[in-house]
Amino acid sequence: MSTTQRTAVITGATSEKGIGATTAHRFAREGWAVVILDLDGEKSSQVARSIAEEHGVPAFGHAVDVSDEASVATARDAVAAESAAGNLPPVGAVVNIAGITSPVPFLETTLELWHKVMDVNATGTYLVTKAFLPEMIDQGWGRIVNMSSVSAQRGGGVFGKVPYSSAKAAVLGFTKALARELGPTGVTVNAVTPGAVDTNIRVGSTPEQEAAIADSVPVGRTATTEEVAAAITFLASEDSSYLTGVTLDINGGSHMH
Ligand SMILES: NC(=O)c1ccc[n+]([C@@H]2O[C@H](COP(=O)([O-])OP(=O)(O)OC[C@H]3O[C@@H](n4cnc5c(N)ncnc54)[C@H](O)[C@@H]3O)[C@@H](O)[C@H]2O)c1
């Protein structure tokens, strides 16, 4: 079965300058059907409609709060209903992009903030993966791509601080342990760790801070969302079949192992 007969489920894919929307377009350009899951259901449907029009692939959008188990189950059931109606091919990839960051210094954080950042980035990855995994195991083929960050590897240093680095590090542990467990199933599990990307996620960041971030990168600039999307679609491709448990850096040299 080629990827043109598969659906990529992508979370966090409605933000205008975001990595998720660019990634969804790139999946569609490569022939995948796409499902857009994000907080705002109407916006998710709109993005799906524009993708269907632009790329001529099946696309479906639905609301989800990735940190809420019931909401994830509702979204999963809606996708299954579309599939059953013949509107979408089977799910072949889950791409966990939904995330939030926080620049709050450690002693000023609250338990509420800690939970919020952990819930969206880490628990969201857990819930969405768990919801769509059985279908991929049944088919004997699947790709899970999780969004971590260079902040998990370097201990922040870009914008997000302790809760964000902790949550994105949890995503790396999750990715590796699940990759090991799913080894024999045909489902691979990988993570990407971008450095600073040119999006609106760094809410409140000043032009001076943005310039300092770019200057700190060996290649002298932040990443484009296309550069991140390219790595993600590679990890979802047939070509990446022997890659699992991998952490793929996309950081312009800002962190080298
Ligand atoms: N921009 C960067 O520099 C950078 C670097 C490394 C990693 N990342 C990660 O990449 C991902 C995308 O970042 P971005 O820069 O495109 O951010 P963004 O803020 O533009 O997009 C994030 C998306 O996630 C969605 N989202 C937030 N909470 C959600 C929830 N509870 N349920 C469902 N959707 C939710 C938002 O609505 C939005 O569409 C995030 O996980 C982020 O941590 C970003």
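Residues numbered from 1 in each chain as written. Predicted model: local features only at pLDDT ≥ 70, side-chain atom pairs only at ≥ 80, totals over all residues. Heavy atoms only, no water.

A. Representation of the overall build of the protein in the model. Of regular secondary structure, the protein possesses eight helices and seven strands. Taking 257 residues into account, the globule formula puts the C-alpha radius of gyration at 18 Å, and the protein, at 17 Å, falls close to it. By principal-axis analysis of the C-alpha atoms, the protein measures approximately 50 × 40 × 35 Å. For the protein, the proportion of its 257 residues judged to be buried stands at 50%. Contacts in the protein between residues far apart in sequence, at least 24 positions, make up 75% of those at least 6 positions apart. In the structure as shown, the protein presents an accessible area of about 11400 Å², 55% of it carried by carbon and sulfur atoms. Taking the average place of the 17 positive charges on the side chains of the protein and the average place of its 27 negative ones, the gap between the two points comes to 5 Å. (Helix = DSSP H or I, 4+ residues; strand = E, 2+ residues; numbered from the N terminus. Rg over C-alpha atoms; globule rule 2.2 N^0.38 Å. Buried < 20%, exposed > 50% of the residue type's maximum accessible area, 1.4 Å probe, protein only. Contact = heavy atoms within 4.5 Å. Areas by Shrake-Rupley, 256 points an atom, 1.4 Å probe, with all protein chains shown as cover. Lys, Arg positive; Asp, Glu negative; His and termini not counted. Charge placed at Lys NZ, Arg CZ, Asp CG, Glu CD.)

B. Here's a closer look at the packing of helix α1 (residues 19–29) against helix α2 (residues 41–55). Running from N to C, α1 and α2 cross one another at 35 degrees; their axes reach a closest spacing of 10 Å. Note that α1 runs across α2; the crossing there is right-handed. Taking contact as the criterion, the partners of A24, H25, A28 and R29 in α1 are, on α2, S50, I51, E54 and H55. Classifying every residue of the contact of α1 with α2 by side-chain character gives three nonpolar, three polar and two charged. (Axes fitted to C-alpha atoms, helices over the stretch in contact; angles between N-to-C directions. Left-handed = near helix turned anticlockwise from the far one by under 90°. Nonpolar A, V, L, I, M, F, W, Y, C, P; charged D, E, K, R; others polar.)

C. Here's a closer look at the sheet that holds strand β2 (residues 33–38). The strand order β3-β2-β1-β4-β5-β6-β7 describes an open sheet built from seven strands, whose pairing is parallel. Edge positions in the open sheet fall to β3 (59–63) and β7 (247–250), since each of these has one partner strand only. Within this sheet the neighbouring strands show an average axis-to-axis angle of 20 degrees, counted without direction. Of the strand pairs in this sheet, strand β6 (residues 187–194) and β7 are connected by four bridges, and their pairing is parallel. (Pairing = 2+ DSSP bridges.)

D. Spotlight on the pairing of β2. Of all six residues in β2, six are buried; the element is thus mostly enclosed. Of the two faces of β2, the one lined by A33, V35 and L37 and the one lined by V34, I36 and D38 are each fully buried. Pairing analysis gives five bridges linking strand β1 (residues 7–11) to β2, with the strands arranged parallel. Considered in β2, the bridge of T11 is made with L37. In this fold, β1 hands off to α1, which returns the chain to β2; that crossover is right-handed. Relative to β3, β2 is paired through five bridges, and the arrangement is parallel. Residue pairing for β3: V34 is matched across the bridge by A59. Handedness of the crossover joining β2 and β3 through α2 is recorded here as right-handed. (Right-handed = clockwise from strand over helix to strand, strands pointing away.)

E. Seen up close, the packing of helix α3 (residues 69–84) against helix α4 (residues 111–139). At a closest axis distance of 10 Å, the pairing of α3 and α4 adopts a crossing angle of 35 degrees. Both α3 and α4 take part in a crossing whose hand is right-handed. On the side of α3, the interface is formed by E69, V72, R76 and V79, while α4 contributes L127, V128, A131 and F132. Residues that form the contact of α3 with α4 fall into these classes: six nonpolar, no polar and two charged.

F. Region of interest: the site of the ligand. The environment of the ligand is formed by 27 residues, the closest being S15, D38, Y164, V197 and T199. At a separation of 3.0 Å, a nitrogen atom of the ligand approaches a polar backbone atom of V66. Its free accessible area being 830 Å², the ligand has 91% of it covered by the protein chains. Taken together, the residues of the shell around the ligand sort by class into 14 nonpolar, nine polar and four charged. (Near = heavy atom within 4 Å. Polar contact = N/O pair within 3.5 Å; in protein donor to acceptor, adjacent residues only side chain to side chain.)

G. Quick look at the environment of E30. Inspection of the secondary structure puts E30 in the loop between α1 and β2. Spatially, the C-alpha atoms of E30 and K176 are 27 Å apart, while their sequence positions differ by 146 residues.

H. Representation of the pattern of salt bridges in the model. Using the criterion set out here, one finds nine salt bridges in the structure. The closest approach of N and O atoms between R26 and E30, which form a salt bridge, is 3.5 Å. Residue class for E30 comes out partly exposed when judged on its relative accessible area of 37%. Between E227 and R221 there is a salt bridge, with its nearest N and O atoms 2.7 Å apart. Residue classification places R221 among the partly exposed positions, given a relative accessible area of 40%. Bridged by salt links that share partners, the residues R26, R29, E30 and E226 form one connected network. (Salt bridge = Lys/Arg side-chain N within 4 Å of Asp/Glu carboxyl O.)

I. Structural view of the packing of aromatic side chains. Inspection of every chain in the model, using the stated rule, returns two aromatic pairs. Consider the rings of W32 and W141, whose centres lie 6.4 Å apart with planes at 40 degrees: the pair is tilted. Residue W32 is found in the loop between α1 and β2, and its partner W141 is found in the loop between α4 and β5 (142–147); the two are separated by 109 residues along the sequence. Neither W32 nor W141 differs from the other in exposure class; each is buried. One aromatic cluster is present, built from ring pairs that chain together F27, W32 and W141. (Phe/Tyr/Trp six-rings, centres within 6.5 Å; stacked < 30°, edge-to-face > 60°.)

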